[in-house]
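Listed here are the chains, written in short residue letters.
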Amino acid sequence: MFNDIGPLEIVTLVVLAVIVFGPDKLPKVIQDVTRTIRKIREFSESAKQDIRTELGPEFKDFDFEDLNPKTFVRKQLMDNDDLGLKEIRSSFDLKKEISEVADAVQGKESAPAIAPANGSPTNGAEAAPDLLKKRVNLDTDERPPFDSDAT
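Quick notes on the overall build of the protein
Point 1. For the protein, the helix and strand inventory stands at five helices and zero strands.
Point 2. Along the protein, from the amino end to the carboxyl end, the secondary structure elements read α-α-α-α-α.
Point 3. Out of the 151 residues in the protein, the part that is buried amounts to 5%.
Point 4. Taken as a whole, the protein presents about 14,400 Å² of accessible surface, with 60% of it coming from carbon and sulfur.

If you want it as structure tokens, here you go:
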């Protein structure tokens, strides 16, 4: 429950408790808090037991931790491989995909260029225009490109 509390935080809480409640009332406060926590746990366990008995034998393997969304998703998707997710997960290389996108954004070529469909070799004069490069001047009869963000 308190796995992420370090020793400095514990010392701070103890000092604050001594300051707030005083050394003579502190043992009584600690007893009251532990008694309250124990009653809450007992109430929770009895409520779980009542729900299990009311649901009947068809829900005998029902676990209340499955109601947590993270646990539910992990149990349904990760453990149950009816959809072939393990194969998809193992074939997907996130680092490779990110590096390809970064290379495309930076204008680098990550793979060899694809030859044109007509089969003619590409040279510098017949190279495809750079679509990422902004043209400064338009031809005389050419309309400016449509910019959906500007409208």
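Describing the pattern of salt bridges
Point 1. Scanning all chains against the criterion turns up two salt bridges.
Point 2. When the shortest N-O distance is used, the salt bridge between Asp32 and Lys28 registers 3.3 Å. One end of the pair, Asp32, and the other, Lys28, are both in helix H2 (residues 26-55), four residues apart, so they sit about a helical turn from each other.
Point 3. Since its relative accessible area comes to 49%, Lys28 is described here as partly exposed.
Point 4. A salt bridge links Arg35 to Asp32; its shortest N-O distance comes to 3.0 Å. With a gap of three residues between them, Arg35 and Asp32 both fall in helix H2, about one helical turn apart.
Point 5. What makes Arg35 partly exposed here is its relative accessible area of 37%.
Point 6. A relative accessible area of 29% places Asp32 in the partly exposed class.
Point 7. Salt bridges here are not isolated pairs; linked through shared partners, they connect Lys28, Asp32 and Arg35.

What to know about H2
Point 1. Between its terminal C-alpha atoms H2 stretches 44 Å, which fits the 44 Å expected from 30 residues at 1.5 Å a residue.
Point 2. Phi for Gly56, located one or two positions after H2, is positive at around 95 degrees.

Digging into a nonpolar patch on the surface
Point 1. A cluster of nonpolar side chains, contributed by Val11, Val15, Ile19, Val20 and Phe21, occupies part of the molecular surface with about 490 Å² of accessible area.
Point 2. Here Val20 shows up in helix H1 (residues 7-21).
Point 3. Given a relative accessible area of 61%, Val20 falls into the exposed group.

A word on the confidence of the model for the protein
Point 1. Residues with a pLDDT of 70 or more make up 72% of the protein, whose mean pLDDT is 77.
Point 2. Here helix H4 (residues 85-91) is the element of the protein with the lowest mean pLDDT, 69, and H2 is the one with the highest, 92.

How each quantity is defined
- Residues numbered from 1 in each chain as written.
- Predicted model: local features only at pLDDT ≥ 70, side-chain atom pairs only at ≥ 80, totals over all residues.
- Heavy atoms only, no water.
- Helix = DSSP H or I, 4+ residues; strand = E, 2+ residues; numbered from the N terminus.
- Buried < 20%, exposed > 50% of the residue type's maximum accessible area, 1.4 Å probe, protein only.
- Areas by Shrake-Rupley, 256 points an atom, 1.4 Å probe, with all protein chains shown as cover.
- Salt bridge = Lys/Arg side-chain N within 4 Å of Asp/Glu carboxyl O.
- Expected span 1.5 Å × (residues − 1).
- Patch = residues over 30% accessible without salt bridge, like charges linked within 9 Å, V, L, I, M, F, W, Y side chains within 5 Å.
- pLDDT = per-residue confidence, 0-100.

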